[in-house]
Amino acid sequence: MRVDAKDMGTDLKSVLITKEEIDAKLAELAAKVDAEYAGKDLLIVGVLKGAVMVMADLARALSTPVTMDWMAVSSYGAGTQSSGVVRILKDLDTDIKGKHVLIVEDIIDSGLTLSWLLSNLGSREPASLEVCTLLRKPEAAKVAIDVKWIGFDIPNEFVVGYGLDFAEKYRNLPFVGTLAPHVYGG
Ligand SMILES: O=P(O)(O)OC[C@H]1O[C@H](OP(=O)(O)OP(=O)(O)O)[C@H](O)[C@@H]1O
Ligand SMILES: Nc1nc2[nH]cnc2c(=O)[nH]1
Ligand SMILES: [Mg+2]
């Protein structure tokens, strides 16, 4: 069965990226990651909770054997504005010193979460540290963070689905969509 915007009642405004487009993009990204880490041990680190779907599908699209770990962070801010102050809610289970580490994210928006993660994980002396994100918004393209693999550059709209939530809902949609204004009080 195929879920589309109509199955969401009136909550969704549109489907921005279909499941088929996500699958094709992840296959493309996985081939690049495979090529980069051929013959190396790779640890992929997912940032909870949004990156759960990307981690699960990217990992299965890879030919490279990987180990997987997770971090959960919360960023403080006033209202919807992120301040860049980040707190670790769940740290990695493993020591990454000397390991090849790939951070996997669902979305980079202001880039503050990722900047903080790169500096935090970078200080643990991994052999290498790179980032793969499914989505990137225009704000992030302006900040100087080195993101090696990007799935889709998307417009500055609030998106949900495929791991991304609004008030913890919509994470299990198989596609990425935009919300109708009435859902978020717009
Ligand atoms: O570039 P930024 O402006 O920092 O925003 C991106 C981050 O925000 C979202 O996570 P969130 O903190 O909402 O938690 P979640 O993954 O549990 O939904 C998303 O999954 C990224 O981790
Ligand atoms: N769900 C969701 N979370 C975000 N965090 C930063 N940008 C977004 C977005 O567009 N959607
Ligand atoms: Mg997240």
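The following paragraphs examine the structure supplied in this document. (Residues numbered from 1 in each chain as written. Chains lettered and ligands numbered in written order. Predicted model: local features only at pLDDT ≥ 70, side-chain atom pairs only at ≥ 80, totals over all residues. Heavy atoms only, no water.)

Notes on the site of ligand 1
Among the 14 residues in the neighbourhood of ligand 1, the closest are listed as E105, D106, S110, G111 and T113. Between ligand 1 and D106 there is a distance of 2.6 Å, counted from an oxygen atom to a side-chain nitrogen or oxygen. Within the backbone of D109, an N or O atom sits 2.8 Å from an oxygen atom of ligand 1. Surface burial for ligand 1 is 77%, taken as the share of its 500 Å² of free accessible area covered by protein chains. Among the secondary structure elements, those contributing two or more residues to the shell around ligand 1 are β5 (100-108) and α3 (112-122). If you tally residues by element for the shell around ligand 1, the top one is β5, at four residues. Along the lines of polarity and charge, the residues of the shell around ligand 1 split into four nonpolar, four polar and six charged. (Near = heavy atom within 4 Å. Polar contact = N/O pair within 3.5 Å; in protein donor to acceptor, adjacent residues only side chain to side chain. Areas by Shrake-Rupley, 256 points an atom, 1.4 Å probe, with all protein chains shown as cover. Helix = DSSP H or I, 4+ residues; strand = E, 2+ residues; numbered from the N terminus. Nonpolar A, V, L, I, M, F, W, Y, C, P; charged D, E, K, R; others polar.)

Re the sheet that holds strand β8 (residues 159-160)
Taken together, three strands build an open sheet; the order of strands is β1-β9-β8 and the sheet is antiparallel. Both outer strands of the open sheet, β1 (12-17) and β8, are each paired with one neighbouring strand and no more. Sheet analysis places β8 next to strand β9 (residues 176-179), joined by two bridges and oriented antiparallel. The residue bridging V159 from the neighbouring strand is T178, located in β9. (Pairing = 2+ DSSP bridges.)

Here's the deal with the side chain of T64
With respect to the helices, strands and loops of the structure, T64 is situated in the loop between α2 (52-61) and β3 (66-78). Since its relative accessible area comes to 10%, T64 is described here as buried. A distance of 2.5 Å separates polar atoms of two side chains, one belonging to T64 and the other to D34. Residues within four places of T64 in sequence aside, it is in contact with D34, Y37 and K40. (Buried < 20%, exposed > 50% of the residue type's maximum accessible area, 1.4 Å probe, protein only. Contact = heavy atoms within 4.5 Å.)

A closer look at the site of ligand 2
By nearness alone, every residue bordering ligand 2 is listed as I107, D109, K137, E157, F158, V159, L164 and D165. In this structure, V159 approaches ligand 2 through a main-chain N or O atom, which is 2.7 Å from a nitrogen atom. The contact in question runs from a nitrogen atom of ligand 2 to an N or O atom on the backbone of D165, over 2.6 Å. Contact with the protein chains hides 80% of the accessible area of ligand 2, taken as 280 Å² for the molecule alone.

In short, geometric facts, not functional conclusions.
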